[in-house]
Amino acid sequence: MALKCGIVGLPNVGKSTLFNCLSNAKAQSANFPFCTIEPNVGVISVPDERLNKLVEMCNPRSVVAATVEIVDIAGLVKGASKGEGLGNKFLANIRETDAIIHVLRCFDDDNITHVDGTVDPLRDKEIIDYELLLKDLETVEARIAKTQKQAQTGGDKTAKMQYEVLVRIQEALKEGKPARSVVLDTPDEQRFARELFLLTSKPVLYVCNVDDASAAEGNAYVEAVRPVIEAEGSSLLIVAAQTEAEIAELDSYEDRVEFLQSIGLEESGVSRLIRAAYALLDLQTFFTAGEDEVRAWTFIRGSKAPKCAGIIHTDFEKGFIRAEVIKYDDYVGLGSESAVKAAGKMSIEGKEYVVADGDIMHFLFNV
């Protein structure tokens, strides 16, 4: 699954520290702007207790977790839409991602310079939002100039639809609203909007990077941005990136649990962030389970059985006959595949079956 999230934010807000925690990669992390120039890419396993339970039950020879791709992108500054700083490179890298993890600095530290001199996550958010809006407005107005005459003087229905969509998006952008706020009614309108690859059309998860003491409950900085983020329909996650880095260095699982408990957390922020990124991309998981292998397979929410079969192998989709489906809860509750079959809990599904998160699948095909 090639979908990926891009980590963005102003310089020195903790993007690379967070990325290092996520991927165990060694992205440079230093106290100066534009430390990250080329985007670092990490393919990260998604924590899933269901996979762990299936491994415990099947004792397989091989285990494969679901993954999500995370990209650490250079810090943006005011004027990026006009090429300031590394603006053009930054914006091009965002365009290549499918969703955005926007890191906001919500901690005080005199040893880490803020690019604008003071800590103000609401201002920082507005800077990046504004730069993305400006770049999208530039893109949309260039397309309007190309489409308007054909839409208004000819009988081209497609051009008319495209022009109307562009104008609606333009109006939203001028009002300071992201492209994703525009409701598009038809599949053709939605397809055309996707083809514009607008920066503000991508779903966003805001990560408030806090100090150790604020890891569990947040702080005043978090509360200042929370209502704004909720008003735009986005999600907020509180993570102490430096604390997560310290947790990652601990050798034993017991030491990590003890550390988390000492700061009032049941689970690391990194685990929560990975799952949130997975959901942000609208991804879900189905499983194959047996003595040879237990594997988590990633699919896009709403996919039908043949499409999911094709994730395993293209021949499975081409020659799809049917799918044998066991619900995860039935598998765990009854203890084995044979017990599920004996209880009549295995269903046989055809080409129109919409795969559900957690389904345990076996595909029959013929080519």
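The structure under discussion appears in the preceding block.
Residues numbered from 1 in each chain as written. Predicted model: local features only at pLDDT ≥ 70, side-chain atom pairs only at ≥ 80, totals over all residues. Heavy atoms only, no water.

(A) Examining the packing of aromatic side chains more closely. A complete count under the given rule lists five aromatic pairs for this structure. When the ring centre of Trp-297 is taken as origin, the NZ or CZ atom of Arg-295, which lies over that ring, is 4.0 Å away. (Phe/Tyr/Trp six-rings, centres within 6.5 Å; stacked < 30°, edge-to-face > 60°. Lys NZ or Arg CZ within 6 Å of the ring centre and 35° of its normal.)

(B) Focus on the pattern of salt bridges. Applying the stated criterion to the full structure yields 19 salt bridges. In this structure, Lys-53 and Glu-56 form a salt bridge, with 3.4 Å as the shortest nitrogen-oxygen distance. Residue Lys-53 and its partner Glu-56 are both found in helix H2 (residues 49–58); the two are separated by three residues, about one turn of the helix. Residue classification places Lys-53 among the partly exposed positions, given a relative accessible area of 28%. Each of Lys-125, Asp-129, Arg-180 and Glu-232 takes part in salt bridges that share partners, so that together they form one network. (Salt bridge = Lys/Arg side-chain N within 4 Å of Asp/Glu carboxyl O. Helix = DSSP H or I, 4+ residues; strand = E, 2+ residues; numbered from the N terminus. Buried < 20%, exposed > 50% of the residue type's maximum accessible area, 1.4 Å probe, protein only.)

(C) Structural view of the sheet that holds strand S4 (residues 67–72). Within the open sheet, the six strands sit side by side as S2-S4-S1-S5-S6-S7. Their pairing is mixed. The open sheet has two free edges, formed respectively by strand S2 (40–45) and strand S7 (235–239), since each of these has just one partner strand. This sheet shows a mean twist of 25° between the axes of neighbouring strands, independent of strand direction. Inspection of the sheet shows strand S5 (residues 99–105) paired to strand S6 (residues 204–209) by six bridges, in the parallel sense. Pairing of His-102 across the sheet is with Tyr-206, part of S6. (Pairing = 2+ DSSP bridges. Axes fitted to C-alpha atoms, helices over the stretch in contact; angles between N-to-C directions.)

(D) View of the packing of helix H8 (residues 241–248) against helix H9 (residues 253–262). Running from N to C, H8 and H9 point in directions that differ by 155°, and their axes come no closer than 9 Å. When the axes of H8 and H9 are compared, the pair comes out roughly antiparallel. Every pair of crossing elements has a handedness; the one defined by H8 and H9 is right-handed. From H8, Thr-243, Glu-246 and Ile-247 reach across to H9, where they touch Arg-256, Phe-259 and Leu-260. (Parallel < 35°, antiparallel > 145°, perpendicular 65-115°, else oblique. Left-handed = near helix turned anticlockwise from the far one by under 90°. Contact = heavy atoms within 4.5 Å.)

(E) Quick peek at the nonpolar core. Judged by nonpolar contacts, the single largest core of 69 residues is most densely connected at Leu-22 and Ile-70. By residue number, the principal contributor to this core is helix H10 (residues 269–280), which donates six residues. Apart from the residues within four sequence positions on either side, Leu-22 is in contact with Ile-7, Ile-44, Ile-70, Val-270, Leu-273 and Ile-274. (Core = buried A, V, L, I, M, F, W, Y, C linked by side-chain atoms within 4.5 Å.)

(F) How the structure looks around the pairing of strand S10 (residues 320–326). Of all the seven residues making up S10, five are buried; the element is thus mostly covered by neighbouring parts of the structure. Where S10 and strand S12 (residues 360–365) come together, six bridges link them in antiparallel fashion. Each bridged residue has a counterpart across the sheet, and for Ala-323 the counterpart in S12 is Phe-363.

(G) Fine view of a negative patch on the surface. Negative charge collects at one region of the surface, where Asp-251, Glu-254, Asp-255 and Glu-258 lie side by side. For Asp-251, the location among the structural elements is in the loop between H8 and H9. (Patch = residues over 30% accessible without salt bridge, like charges linked within 9 Å, V, L, I, M, F, W, Y side chains within 5 Å. Areas by Shrake-Rupley, 256 points an atom, 1.4 Å probe, with all protein chains shown as cover. Lys, Arg positive; Asp, Glu negative; His and termini not counted. Charge placed at Lys NZ, Arg CZ, Asp CG, Glu CD.)

(H) Inspection of the environment of Ala-92 at higher detail. Tracing the sequence through the fold places Ala-92 in helix H3 (residues 87–95). As for Ala-92 and Leu-199, which are separated by 107 residues in sequence, their C-alpha atoms are 9.3 Å apart.

(I) Spotlight on helix H7 (residues 220–231). Burial in H7 covers these residues: Val-222, Val-225 and Ile-229. All buried residues of H7 project into a common sector of 85° when viewed along the axis, lining one side. In H7, those exposed residues whose orientation departs by more than 90 degrees from the buried face are Ala-220, Glu-230 and Ala-231. Looking at the packing, one finds that the buried side of H7 touches S5, helix H4 (121–153), S6 and S7. (Arc of directions from axis to C-beta.)

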